[in-house]
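Read off the chains here:
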Amino acid sequence: MIAETTISTLSKKMIDWESLRADFPILHQKVHGHPLIYFDNAATSQKPRVVIDALRNYYERDNANVHRGIHELSNRATAGYEAARARAAKFINTRSADEIVFTRGTTEGINLVAHAWGGKNLKPGDKILLTEMEHHSNLVPWQLLAERTGAKLVYLPVTGDEGLLDLSKLDSLLTKEVKLFAMVHISNSLGTVNPVAELCERARKLGIVTLVDAAQSAGHCPVDAGQIGCDFLAFSGHKICGPTGIGVLYGRQELLEAMPPWQGGGEMILSVDFFKTTYKHAPHRFEAGTPDISGPIGLHAAMDYLDGIGRDNIFKHDQELAGYAYEQLARLTNIRLFGPKTGRAGVVSFLLKDVHAHDVVTVADQRGVALRGGHHCTQPLMRKLGIESTARASFYFYNTKAEVDRFVEVVREIQKFFAG
Amino acid sequence: MFDDLTDLYQQVILDHSKSPRNFHKLANANRTAQGHNPLCGDHYTIYAVMDGDVIKDIGFQGAGCAISKASASILTDTLKGKTKTEVKALFDKVHDMVTTGKVNDGEIGKLAVFAGVHKFPARVKCAILPWHAVVAAVEGRQEPVTTEMEDT
C-alpha cells in the first residue's frame, strides 16, 4: 500500500502537465477576446507539434505511393505506413500487426465489420446486442445490417441519468440467437466507463462475437485488446492527438482471414482476371485503393507522444478534472448532471433549467470556452433520458484545474444572463 | 463585455423565449407543418387557419433553444392577416437579414431583433427553422421540413 502511494505520487510528480501545453500551438490563442479553453476533446483532440511535424516531414521528404514502387521514396513511404501499423498493434496490444486495418475512423471500422463479417455471418432470426448508450456510429451500421440480413437488434438498458449499464439484464439478453455484441468502452455523452472485459468474457463463453467502440478510450486510458478479450475494436486517430481521416480497426486474425473484402480496387488484390480476382490476405484485403499515408504516419507520432506521457497518467488526470468539474457544477442550483457520480472518464454532460444547451454553448463560446451542445450522436439515449440535448465539457491532459474553475464561473454567468 | 451576445439575445428575444406568444395548438387549424433541426433536435409544429390565401389565426408548439422559440413566437405575432405571397416575401427578407445582418426594409418591423444572429453562423438555422415550417404550412406541404433540406 505504502509502495503504491509512493509510486503514484512519484509518477504524478514526474509529469508537468502545464508544460505539456507548450507542445500544442493551437492552445495559445484568444477566442472572442478570452484565452481559449478547449473543452470539446470528446469531439476531437488538438495536435501536438510532433504530429504536425511528422505530417510535414512526410510531405517534404518521403511522399510517394505505397506498396508498389521500386524507387526510394516509395520504399520510405511504405516503410512509414507499415511501421505505423506495427505501432498501432503495440498501442492496443494485438498479437500481430496483421490484425490492424487502417480505416478512415471508428465509423468506417464498424461499417467494415458490419459489411464484411455481418454480411457473411448473420441470417434472419439472429440478434445483434447493443447498449442504449451507443454513438450513432455503433448503431446505424447495425440497423442497416439488420435490414439487409433480417437480423434483429436488442439493447442492454441504461439506468437513467446516472448512465450505467443495467448489468442485471445481461443474462436474459445474452441468448443463443445473439451473434454479435457491440458496445462502447467510454460513453461520449455520459462519461461512463463500461466494464468491457467482463462483458466480452460473458459473451465469449456463449460464442458471441464482440466489438468494442474505443473512440473515447484509446487515447485516454490504457487499451489492451488482448486483456479486453474482444474480437473487434475500433478507434479514430483524430481523438488521440493524430490527424483526421485515419482510424484503426483491430480484428482477431482468424475472423479477419475468414471475412470477404468489403471494397474492391487496387492494393487489395493478388491477381485480377476479367471475370475473377484473388485477394491479398488481411489486413491488406480491406485496404482498397491508395490509402491515407500521411495519416498513419501522423498517428504513429501521436501514439509515441501519448505513451511518452503514459495513458494511465492521462486517465488519472482526465478523471481528476472531470471529478472536480462534476463536484463544482453539482453545487449550482437548477442544474441537471448526467453520467456516473464516481469513476467517470473526462466527460461532464449537463443541462441548466430553462436554458437550452445551444444557448449555453453560444454564451460559453463568447467567453472563449469551447463546449459541445446537442445530442452528441446519441439520440436514442437522449430520448430514453427524456431530453433533446445536453451541454458537454470534455477534457484531455492539456486541460487544467484553473480552466475548470473558469468554466464553472462562466456557467454561473450563463445562469445569471438567462435569468435576468 | 457582452456586446455581441446582447445583439443576439436581445431583451425581446429573451422575453419571447420565456413567454412565447400563440404557444398552443389550434383545434380548427386547416394547415399544419413540422419543422425539425436534426443537428440539435429542435422541433416545432405550426398550426394555421387559412381563409383562402390569408392567415386568419396561427399558433405553434414544440421545443428548442431561445433563438428558435423566440423566432416562432414573434413569427406568429407577425403573420396574422398576411397572405401566402406576403409570408414567402417576408421569409426571403428574414433569411437575408439573419445571414447578412442587413435591415433595410421597413416591413421587417420587430423581426429586426434577429439581425444580430448573422454574427453567429451556427445559430442562423435556429432563427430560420420556424420560417421553413410556416412556409410549408401555407403551401399546404405535408412532409416535415428540416434545416438540412436547404442551404440554411
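Scroll up to find the structure.
As a starting point, this report considers the structure included with it. (Residues numbered from 1 in each chain as written. Chains lettered and ligands numbered in written order. Predicted model: local features only at pLDDT ≥ 70, side-chain atom pairs only at ≥ 80, totals over all residues. Heavy atoms only, no water.)

This part covers the sheet that holds strand β1 (residues 31-36) of chain B. Residues and elements named next belong to chain B. Taken in spatial order, the four strands of this open sheet run β3-β2-β1-β4, and their pairing is mixed. A strand with exactly one partner marks an edge of an open sheet, and here the two such strands are β3 (54-63) and β4 (145-146). Strand direction decides the pairing type here: β1 and β4, joined by two bridges, are parallel. Opposite H36, over in β4, you have T146 as the bridge partner. The strands that helix α3 (residues 66-79) touches are β2 (43-51) and β3; relative to β3, the one it contacts most, it runs at about 165°. Its contacts with the sheet put helix α5 (residues 124-138) on β1, β2, β3 and β4, and the angle it makes with β1 is roughly 150°. (Pairing = 2+ DSSP bridges. Helix = DSSP H or I, 4+ residues; strand = E, 2+ residues; numbered from the N terminus. Contact = heavy atoms within 4.5 Å. Axes fitted to C-alpha atoms, helices over the stretch in contact; angles between N-to-C directions.)

A few words on the interface of chain B and chain A. Contact residues are listed per partner, giving 22 residues for chain B and 16 residues for chain A. Summed over both partners, the interface of chain B with chain A comes to about 1,600 Å²; 58% of that surface belongs to carbon and sulfur atoms. Viewed at the interface, chain A and chain B are joined by one salt bridge. With a shortest N-O distance of 2.9 Å, D359 of chain A and R123 of chain B are connected by a salt bridge. Applying the counting criterion to the chain B and chain A interface returns nine residue pairs in polar contact (both at pLDDT 80 or more). Among the secondary structure elements, those contributing two or more residues to the side of chain B that touches chain A are α1 (3-8), α2 (11-18) and α3 of chain B. Looking at the side of chain B that touches chain A, the element that brings in the most residues is α1 of chain B, giving four residues. (Buried area = accessible area lost by both parts, 1.4 Å probe. Salt bridge = Lys/Arg side-chain N within 4 Å of Asp/Glu carboxyl O. Polar contact = N/O pair within 3.5 Å; in protein donor to acceptor, adjacent residues only side chain to side chain.)

Every regular strand shows the same layout, with side chains that alternate between the two sheet faces. Residues and elements named next belong to chain A. With five of five residues buried, strand β10 (residues 247-251) is to be regarded as a mostly interior element. Neither face of β10 is open: one carries G247, L249 and G251, the other V248 and Y250, and all of them are buried. Summarising the sheet, strand β4 (residues 100-103) and β10 pair through four bridges and their orientation is antiparallel. Bridging from a neighbouring strand, V101 pairs with L249 of β10. (Buried < 20%, exposed > 50% of the residue type's maximum accessible area, 1.4 Å probe, protein only.)

Residues and elements named next belong to chain A. Cis geometry marks the peptide bond from A282 to P283; its omega dihedral reads 5°. The topology assignment puts P283 in the loop between β12 (277-279) and α11 (294-309). Within the chain, C241 stands out as a residue other than glycine whose phi angle is a positive 75°. Among the secondary structure elements, C241 is positioned in the loop between β9 (232-236) and β10. Positive phi, close to 55°, is recorded for H376, a residue that is not glycine. Within the element layout of this structure, H376 appears in the loop between β16 (372-374) and α14 (379-385). Take H376: its relative accessible area is 7%, and that puts it in the buried class.

With that out of the way, let us pick up empty space enclosed by the protein. Residue and element names in this part refer to chain A. On inspection of all chains with the given rule, the structure shows one cavity of 30 Å³ or more. Estimates place the volume of the largest cavity at around 60 Å³. In this structure, the largest cavity is lined by N41, A42, I186, Q216, H220, D318, A345, G346, V347, S394 and F395. Across the lining of the largest cavity, the residue classes tally to five nonpolar, five polar and one charged. The two domains that each donate at least three residues to the lining of the largest cavity are domain 1 (51-308) and domain 2 (310-419). (1 Å grid on protein atoms, 1.4 Å probe; cavity = no way out; pocket = protein on both sides within 12 Å on 5 of 7 lines; lining within 4 Å. Points joined across faces, edges and corners; volume = space filled by probe spheres on them. Nonpolar A, V, L, I, M, F, W, Y, C, P; charged D, E, K, R; others polar. Domains from an automatic or database assignment.)

Let us look at the layout of surface pockets. The volume enclosed by the largest pocket comes to roughly 1,100 Å³. For the largest pocket, the lining is made up of 48 residues, of which D40, A43, R372, G373 and R392 of chain A are closest to its centre. Looking at the lining of the largest pocket, the elements with two or more residues in it are α5 (106-121), α13 (357-366), β15 (369-370) and β16 of chain A together with α5 of chain B. It is α13 of chain A that provides the largest number of residues to the lining of the largest pocket, a total of five residues. Class assignment for the residues of the lining of the largest pocket results in 18 nonpolar, 19 polar and 11 charged. Lining the lining of the largest pocket are residues from two domains, each supplying at least three of them: domain 1 (51-308) and domain 2 (310-419) of chain A. Computed from the structure, the second largest pocket encloses a volume of approximately 440 Å³. The wall of the second largest pocket is formed by 20 residues, among which D354, V355 and H356 of chain A together with G64 and K69 of chain B lie closest to the centre. Within the residue set of the lining of the second largest pocket, elements represented by two or more residues are β14 (347-352) and α13 of chain A together with α2 and α3 of chain B. Broken down by element, the residue count for the lining of the second largest pocket peaks at three residues, all from α2 of chain B. Within the lining of the second largest pocket, the residues separate by chemical class into 10 nonpolar, five polar and five charged.

All names here are of chain A. The full count for this structure, using the stated rule, is 18 aromatic pairs over all chains. Between the aromatic rings of F24 and Y398, the centroid separation amounts to 4.7 Å while the plane-to-plane angle is 55°, which identifies the pairing as tilted. Here the residue F24 occupies a position in the loop between α2 (17-20) and β1 (30-31), and Y398 occupies one in the loop between β17 (390-394) and α15 (401-419), the gap between them amounting to 374 residues. For Y398, a relative accessible area of 0% puts it in the buried group. (Phe/Tyr/Trp six-rings, centres within 6.5 Å; stacked < 30°, edge-to-face > 60°.)

What follows is about the pattern of salt bridges. All names here are of chain A. Summed over the entire model, instances satisfying the criterion amount to 38 salt bridges over all chains. With its nearest N and O atoms 2.8 Å apart, the salt bridge here joins E287 to R85. One end of the pair, E287, is in the loop between β12 and α11; the other, R85, is in helix α4 (residues 72-91), with 202 residues separating them in the sequence. We classify R85 as buried; its relative accessible area is 1%. A salt bridge links K353 to D354; the shortest N-O distance between them is 3.5 Å. For the residue pair K353 and D354, the accessibility class agrees, reading exposed in each case.

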